[in-house]
Amino acid sequence: MNERPIHVVGGGIAGLVAAITAAEGGAPVVLHEGGARLGGRAVGSAERPWVNLGPHVVFTDGALVRWLRQRRIDVPLCGPMVRGVRMLDDRGARFPFRQGLQLLPTILRREAPVDETFRAWAENTFGDASADLLCRLGGLITYHHDPGALSARFMWDRYRRTALSPDRVRWVAGGWVSLVDALAERARTLGVRIELDDRLTPESLPDAPTVVATKLSGAGRLLERDLSWPGARTALLDVATTADPGWPAVIADVRSDLATCCMIERETAADPAALGEEGGHLIQAQLGVAPGVGVAEGVSRIEDGLDVGFPGWREAVGWRRAQIVVDGTGAVDPPGTTWRDRPSVEQGDDVFLAGDAVAAPGFLSEVSVNSAVQAGRLALDARRRRAFAPGWPTAELTPERRLAVLAAVLPSAELTTTTVPGADEVAPVDETGPGYRIERRAGVTRATAATAGKGGVRVTRVVASALPGVARAAVERLPVWRRPFRR
Ligand SMILES: Cc1cc2nc3c(=O)[nH]c(=O)nc-3n(C[C@H](O)[C@H](O)[C@H](O)COP(=O)(O)OP(=O)(O)OC[C@H]3O[C@@H](n4cnc5c(N)ncnc54)[C@H](O)[C@@H]3O)c2cc1C
């Protein structure tokens with residue numbers, strides 16, 4: 001039996017997902033976490049793990065929630081709070097009817113260029129006033145001080161996913177610590193050996209298939225190579241108040257002195273009992289700040305928004321925490337780049353990267369999940385290769401290759417491959433995205449694989465049926481309910 005384990009360095013969301021993926025594949029797994037607790041950035045601090053590190057939400061159409069649901073990992077979600085959103089502009093705080101009307105043209109589906117800045121493209125497409133608002137709203141989803149300076153494609157994709165589908169936004173009840181605890185429980189159930197207070201160094205890195213799931217800067221130090229990608233600098237203010245600050249649930253402060261947006265969220269998910277005597281009501285706020293802006297300056301601008309949104313909050317403060325996080329909110333893509341240009345998951349010598357700033361699709365922690373799933377699978381392949389065929393090249397069983405095998409074994413199967421030029425994403429964009437789906441209907445089996453590549457999206461189809469030609473053509477034309485792609 002092959003008992004040599006896969007090693008995972010880092011016990012945040014990425015490390016836990018990579019460890020579970022590798023353990024589900026049948027490998028023994030050792031997870032090394034440098035701190036005393038699992039969770040990394042998903043857990044605010046050791047003293048108050050239930051207070052997230054800044055406002056944190058999940059998206060029901062995203063890789064994280066989909067991955068949890070596929071495994072029936074039960075994490076309580078609450079929301080959405082669409083009706084509780086207020087926008088604070090130079091005229092005051094209101095339900096965003098006016099802004100909603102102004103942004104109506106953004107409902108139309110269109111492609112944004114990779115090479116242009118979001119600001120330049122949005123000005124040409126929607127006019128200066130709407131572009132200005134769009135750029136500021138970008139702060140909600142990037143935590144960046146100047147979202148208009150980022151790639152138009154990066155911003156536009158994120159804007160459409162959030163602003164046009166706010167009903168998919170959820171809070172994790174009890175804070176992200178409950179998500180981490182659920183992942184840790186699943187990992188332990190699968191037999192993952194979790195070593196806490198176990199910080200690896202370049203010297204102690206094992207000679208084995210290893211997933212490095214630390215922040216990118218930490219991975220660079222550990223692997224002794226240059227690994228970097230732009231991120232954001234963000235001022236965070238958390239306040240527990242003894243009096244209920246009341247409505248609204250979220251305030252997007254888009255006043256014109258900022259190039260970004262300050263988000264103030266009345267955290268509905270934290271357990272009031274956990275906050276104890278310090279106050280049962282938590283307000284969390286974030287503001288992207290430029291290099292050089294310190295904690296005091298960033299936080300005083302956040303407090304200004306709190307004064308308008310929650311008058312009287314200063315007298316009711318039971319506890320507060322102010323800080324700046326650097327590169328803590330995941331990658332941002334500058335003009336001319338996409339997620340594919342970030343440091344690759346495959347690092348050679350059976351070392352794989354996972355985290356929210358590596359080359360994987362998604363949004364915030366979804367990048368950690370997508371890269372972790374890929375890294376976990378690659379580590380499994382590497383382990384099998386080391387054990388059973390050392391020195392032999394291996395071919396990854398890609399969705400396309402799976403369909404080729406299917407076509408070979410199904411009688412009367414036809415296999416076709418076409419490329420959709422220009423397209424570079426497969427929806428839904430997550431670890432189930434570049435995959436395959438199989439549908440069986442009225443005696444016809446149809447399998448489709450879609451893979452995003454440099455020249456566009458390559459679509460491979462297998463159609464197999466014992467029906468005679470005419471009947472088969474008729475069934476082929478029937479509409480089918482499209483299930484998401486899967487691996
Ligand atoms: C203010 C803020 C708001 C955010 N909001 C959202 C949101 O709304 N939605 C969302 O999806 N995401 C959000 N995120 C991002 C999300 O928190 C992160 O993407 C996610 O937690 C990253 O997980 P990770 O496992 O990739 O990295 P980390 O959480 O950084 O985990 C890395 C782990 O590696 C450990 N480690 C480091 N070096 C070593 C070593 N040498 N040996 C052993 N262990 C080591 C660390 O201790 C840590 O536990 C937000 C982040 C911030 C800061």
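Structure first, text after, so check above.
Residues numbered from 1 in each chain as written. Predicted model: local features only at pLDDT ≥ 70, side-chain atom pairs only at ≥ 80, totals over all residues. Heavy atoms only, no water.

### What to know about the site of the ligand
Okay, so step 1: The environment of the ligand is formed by 33 residues, the closest being Glu-33, Arg-41, Val-57, Asp-356 and Ser-365.
Okay, so step 2: Contacts to the ligand include Pro-55, whose backbone N or O atom sits 3.1 Å from a nitrogen atom.
Okay, so step 3: With respect to the ligand, the backbone of Val-57 contributes an N or O atom lying 2.8 Å from an oxygen atom.
Okay, so step 4: Broken down by class, the residue content of the shell around the ligand amounts to 13 nonpolar, 14 polar and six charged. (Near = heavy atom within 4 Å. Polar contact = N/O pair within 3.5 Å; in protein donor to acceptor, adjacent residues only side chain to side chain. Nonpolar A, V, L, I, M, F, W, Y, C, P; charged D, E, K, R; others polar.)

### Comments concerning the sheet that holds strand S8 (residues 193–195)
Okay, so step 1: Read across the sheet, five strands follow the order S8-S2-S1-S9-S15 without closing on themselves; strand pairing throughout is parallel. The open sheet has two free edges, formed respectively by S8 and strand S15 (351–353), since each of these has just one partner strand. On average, adjacent strands in this sheet sit at an angle of 20° to one another, irrespective of strand direction.
Okay, so step 2: Of the pairings in the sheet, the one linking strand S2 (residues 29–32) to S8 comprises three bridges and is parallel in character. Across the sheet, the residue bridging to Leu-31 is Ile-194, located in S8. (Pairing = 2+ DSSP bridges. Helix = DSSP H or I, 4+ residues; strand = E, 2+ residues; numbered from the N terminus. Axes fitted to C-alpha atoms, helices over the stretch in contact; angles between N-to-C directions.)

### Digging into the pairing of S2
Okay, so step 1: Here S2 shows a buried face lined by Val-29 and Leu-31 and a second buried face lined by Val-30 and His-32.
Okay, so step 2: Sheet topology places strand S1 (residues 6–9) next to S2; four bridges connect them, and they run parallel. Counterpart to Val-9 in the pairing with S2 is His-32. (Buried < 20%, exposed > 50% of the residue type's maximum accessible area, 1.4 Å probe, protein only.)

### Some details on the sheet that holds strand S11 (residues 250–253)
Consider a sheet: its strands pair through backbone hydrogen bonds, and that pairing is either parallel or antiparallel.
Okay, so step 1: What the seven strands build is an open sheet, ordered S6-S5-S11-S12-S13-S10-S14; its pairing is mixed. Both outer strands of the open sheet, strand S6 (92–94) and strand S14 (317–326), are each paired with one neighbouring strand and no more. Averaged over all pairs of adjacent strands, the angle between their axes in this sheet comes to 15°, without regard to strand direction.

### What about unusual backbone geometry?
Okay, so step 1: The backbone phi angle of Arg-72 is positive, close to 55°, even though this residue is not glycine.
Okay, so step 2: Positionally, Arg-72 belongs in the loop between helix H2 (63–70) and strand S4 (77–78).
Okay, so step 3: Its identity as a non-glycine residue notwithstanding, Leu-364 has a phi of 50°, on the positive side.
Okay, so step 4: Checked against the element boundaries, Leu-364 lands in the loop between S15 and helix H11 (365–388).

### Looking at the side chain of Thr-106
Okay, so step 1: Mapping Thr-106 onto the fold places it in the loop between helix H3 (97–102) and helix H4 (118–126).
Okay, so step 2: The class of Thr-106 is buried, set by a relative accessible area of 2%.
Okay, so step 3: Side chain to side chain, Thr-106 and Tyr-159 meet in a polar contact 2.9 Å long.
Okay, so step 4: Every residue in contact with Thr-106, bar those within four places of it in the chain, is listed here: Phe-126, Leu-134, Trp-156, Tyr-159, Arg-160 and Leu-164. (Contact = heavy atoms within 4.5 Å.)

### Topic: the side chain of Thr-162
Okay, so step 1: Mapped onto the elements, Thr-162 comes out in helix H6 (residues 152–163).
Okay, so step 2: Taking relative accessible area as the criterion, Thr-162 reaches 13% and is therefore assigned buried.
Okay, so step 3: Once you skip the residues sitting within four places of it in the chain, Thr-162 turns out to touch Phe-59, Ile-141 and Phe-363.

### Comments concerning a nonpolar patch on the surface
Okay, so step 1: The grouping of Leu-101, Leu-104, Ile-107 and Leu-164 at the surface amounts to a nonpolar patch, some 370 Å² of accessible area in total.
Okay, so step 2: The exposure class of Leu-101 is exposed, given its relative accessible area of 62%. (Patch = residues over 30% accessible without salt bridge, like charges linked within 9 Å, V, L, I, M, F, W, Y side chains within 5 Å. Areas by Shrake-Rupley, 256 points an atom, 1.4 Å probe, with all protein chains shown as cover. Salt bridge = Lys/Arg side-chain N within 4 Å of Asp/Glu carboxyl O.)

### Some words on empty space enclosed by the protein
Okay, so step 1: What the rule picks out here adds up to two cavities of 30 Å³ or more.
Okay, so step 2: Taken as a whole, the largest cavity encloses approximately 90 Å³ of empty space.
Okay, so step 3: In terms of lining residues, the largest cavity is bounded by 13 residues, among which Phe-154, Arg-158, Thr-329, Ala-331 and Leu-364 are the most central.
Okay, so step 4: When residues of the lining of the largest cavity are traced back to their parent elements, those giving at least two are helix H5 (128–142) and H6.
Okay, so step 5: Looking at side-chain class alone, the lining of the largest cavity contains seven nonpolar, three polar and three charged residues.
Okay, so step 6: Formed jointly, the lining of the largest cavity draws a minimum of three residues from each of two domains, domain 1 (6–76 + 173–228 + 333–385) and domain 2 (79–169 + 233–326).
Okay, so step 7: Within this model, the second largest cavity holds a volume of roughly 50 Å³.
Okay, so step 8: As for the second largest cavity, its lining consists of Arg-41, Val-212, Thr-214, Lys-215, Leu-216, Ala-219, Leu-353, Ala-354, Gly-355, Asp-356, Ala-357 and Val-358. (1 Å grid on protein atoms, 1.4 Å probe; cavity = no way out; pocket = protein on both sides within 12 Å on 5 of 7 lines; lining within 4 Å. Points joined across faces, edges and corners; volume = space filled by probe spheres on them. Domains from an automatic or database assignment.)

### Some points on the packing of aromatic side chains
Okay, so step 1: Counted under the stated rule, the structure contains seven aromatic pairs.
Okay, so step 2: Measuring from ring centre to ring centre gives 5.1 Å for Trp-121 and Trp-156, while their planes differ by 65°; the resulting arrangement is edge-to-face. Taken together, the residues Trp-121 in helix H4 and Trp-156 in helix H6 connect sequence positions 35 residues apart.
Okay, so step 3: Its relative accessible area of 1% is what places Trp-156 among the buried residues.
Okay, so step 4: Put simply, the rings of Phe-118, Trp-121, Phe-126, Trp-156 and Tyr-159 pair up and form one aromatic cluster.
Okay, so step 5: Seen from the ring of Phe-59, Arg-161 lies directly overhead, with NZ or CZ sitting 5.4 Å from the centre. (Phe/Tyr/Trp six-rings, centres within 6.5 Å; stacked < 30°, edge-to-face > 60°. Lys NZ or Arg CZ within 6 Å of the ring centre and 35° of its normal.)

### Focus: the packing of helix H1 (residues 13–24) against helix H7 (residues 176–189)
Okay, so step 1: Axis separation between H1 and H7 bottoms out at 9 Å; the angle between their running directions is 25°. Considering their axes alone, H1 and H7 lie roughly parallel with respect to each other. Viewed along their axes, H1 and H7 form a crossing whose handedness is left-handed. When H1 is examined against H7, the residues Ile-13, Leu-16 and Ile-20 are found in contact with a partner set consisting of Trp-176, Leu-179, Val-180, Leu-183, Ala-184, Arg-186 and Ala-187.
Okay, so step 2: Its residues assigned to classes, the contact of H1 with H7 comprises nine nonpolar, no polar and one charged. (Parallel < 35°, antiparallel > 145°, perpendicular 65-115°, else oblique. Left-handed = near helix turned anticlockwise from the far one by under 90°.)

### Concerning the packing of H5 against H6
Okay, so step 1: In contact at an axis separation of 10 Å, H5 and H6 are set at 75° when each is read in the N-to-C sense. Taken together, the axes of H5 and H6 lie roughly perpendicular to each other. Residues Leu-134, Gly-138, Ile-141 and Thr-142 of H5 form the contact with H6, whose own contacting residues are Phe-154, Met-155, Arg-158, Tyr-159 and Thr-162.
Okay, so step 2: Here the residues of the contact of H5 with H6 sort into five nonpolar, three polar and one charged.

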